[in-house]
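Here is what each chain is made of, one letter per residue.
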Amino acid sequence: MITKDLSRLGRNYIESGSYMEVFFPEHNVRYIAITDNYDSLNKQEMDIAPFKNILNDMYSRDISKKVLAGRMTRSRQGKFCGGQPPLGLMRDPDDNGHLIIDPETAPIIRRIFDLALDGFGNMKICKVLMEERIPITRMQTGTNCDVNYYAWSGSRISTILRNPFYKGAHVVCKTHQKGIRSNTYNIIPREQREVIEDCHEAIIPKTEWDKVQ
């Protein structure tokens, strides 16, 4: 097996070391890292490899921290750094981090809040939306929609009604990653989330949003 350097095998020094010192020898795999002048057939070169793997791991962690810090800085400036914007909003073509009202789906959000202000509960709102054949997401042109396209749920309605983005605010972060390379996250309680007000045009006036809460 050949890679350009040791970092191409992996930047987690524990996993890289496990492959180089256990897996490859057990499976008779010769490993070569060209620019690091590493060849598993040369036993002397194996002595320095663990230290190089640790340095690669530290470099990877440092880059991850800087990327996260950059995203947090942009988020605290009111820039949207997530993936798909909430229903009713869309990215500004002139500023990718700024949200604008989506004329196609914003009426759905207004309809949901109007029903809530009229005293409708979550499940009753679901029933109205399904009867009116209102889609749960942005309509895709040229596609045949199945019944699930209109299947609203109480939890989805609750999430929409409690989302501060609809009053023009921005939530800095909803989750906290447990570790730099971890794919598991802790959910930040709503009362502890950092919210930046007046970041984009509101779909729902603040007074109405507060009343719904």
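Computed from a predicted structure; not experimentally measured. (Residues numbered from 1 in each chain as written. Predicted model: local features only at pLDDT ≥ 70, side-chain atom pairs only at ≥ 80, totals over all residues. Heavy atoms only, no water.)

**Considering the packing of helix 4 (residues 106-117) against helix 5 (residues 122-131)**
We apply this condition: Lines fitted to the C-alpha atoms define the axes, with helices restricted to the stretch that makes contact. Angles between their N-to-C directions range from 0 to 180 degrees. Helix and strand definitions follow DSSP, with helices as H or I runs of at least four residues and strands as E runs of at least two, each counted in order from the N terminus. Under this scheme an angle from 65 to 115 degrees is roughly perpendicular, one under 35 degrees roughly parallel, and one over 145 degrees roughly antiparallel; angles in between are oblique. In a left-handed crossing the near helix is turned counterclockwise from the far helix by less than a right angle, and in a right-handed crossing that turn is clockwise. Should any heavy atoms of two residues lie within 4.5 Å, those residues are considered in contact. Note on residue classes: Ala, Val, Leu, Ile, Met, Phe, Trp, Tyr, Cys and Pro are nonpolar, Asp, Glu, Lys and Arg are charged, and everything else, Gly too, is polar.
It is the contact of helix 4 with helix 5, at a shortest axis distance of 10 Å, that shows an interaxial angle of 135 degrees. By the angle between their directions, the pair helix 4 and helix 5 is classed as oblique. Handedness of the helix 4/helix 5 crossing: right-handed. Contact with helix 4, carried on its side by R111, I112, L115 and A116, involves I125, V128 and L129 of helix 5 and no other residues of that element. Of the residues assigned to the contact of helix 4 with helix 5, the class counts are six nonpolar, no polar and one charged.

**Side note on helix 5**
Rule in force here: Any residue under 20% of the maximum accessible area for its type is buried, any over 50% is exposed, and the rest in between are partly exposed; the area is computed with a 1.4 Å probe on protein chains only. Taken from the helix axis, the directions to the C-beta atoms give the arc we talk about.
Buried within helix 5 are the following residues: I125, C126, V128 and L129. Each buried residue of helix 5 lies within a common arc of 165 degrees when the element is viewed along its axis, so the set occupies one face. Across helix 5 from its buried face, at more than 90 degrees, point the exposed residues M123, K124, K127 and E131. After helix 5 finishes, the residue R133 shows a positive phi value of roughly 55 degrees.

**Some points on the pairing of strand 5 (residues 95-101)**
Remark: a regular strand shows side chains that alternate across the two faces of the sheet. Using the following cut-off: Any two strands with at least two DSSP-identified bridges between them are counted as paired.
In this structure, strand 4 (residues 89-92) lies alongside strand 5, joined through four bridges in antiparallel fashion. Within the sheet, the bridge partner assigned to M90 lies in strand 5 and is I100. Two successive antiparallel strands, strand 4 and strand 5, enclose a turn made up of two residues.

**A short note on the environment of D5**
With respect to the helices and strands, D5 occurs in the loop between strand 1 (2-3) and helix 1 (6-9). Between the C-alpha atom of D5 and that of T35, which follows or precedes it by 30 residues, the distance is 5.4 Å. Every residue in contact with D5, bar those within four places of it in the chain, is listed here: Y31, A33, T35 and D36.

**Considering the sheet that holds strand 2 (residues 32-33)**
What the three strands build is an open sheet, ordered 1-2-3; its pairing is mixed. Both outer strands of the open sheet, strand 1 and strand 3 (38-39), are each paired with one neighbouring strand and no more. Bridging between strand 2 and strand 3 involves two bridges; their strand directions are antiparallel. Note on strand 3: the bridge partner recorded for I32 is D39.

**As for the packing of aromatic side chains**
For the record, the criterion: Here is the rule: rings of Phe, Tyr and Trp (six-membered ring for Trp) pair when centre to centre is within 6.5 Å. Planes less than 30 degrees apart are stacked, more than 60 are edge-to-face, and the remainder are tilted.
By the definition in use, this model includes five aromatic pairs. Ring geometry for F80 and F165: centres 5.9 Å apart, planes at 85 degrees, overall edge-to-face. Residue F80 is found in the loop between helix 3 (49-76) and strand 4, and its partner F165 is found in the loop between helix 6 (154-161) and strand 6 (170-171); the two are separated by 85 residues along the sequence. Relative to Y166, the ring of F113 has its centre 6.3 Å away and its plane inclined at 75 degrees; by these criteria the two rings are edge-to-face. A residue pair is termed long-range when its members are at least 10 positions apart, and F113 in helix 4 and Y166 in the loop between helix 6 and strand 6 qualify at 53 residues. Accessibility expressed as a relative area gives 1% for Y166, which makes it buried.

**Considerations on unusual backbone geometry**
Even without glycine at this site, N28 takes up a positive phi of about 55 degrees. Backbone geometry places D198, a non-glycine residue, at a positive phi of 55 degrees. Its place among the elements puts D198 in the loop between strand 9 (195-196) and helix 7 (206-212).

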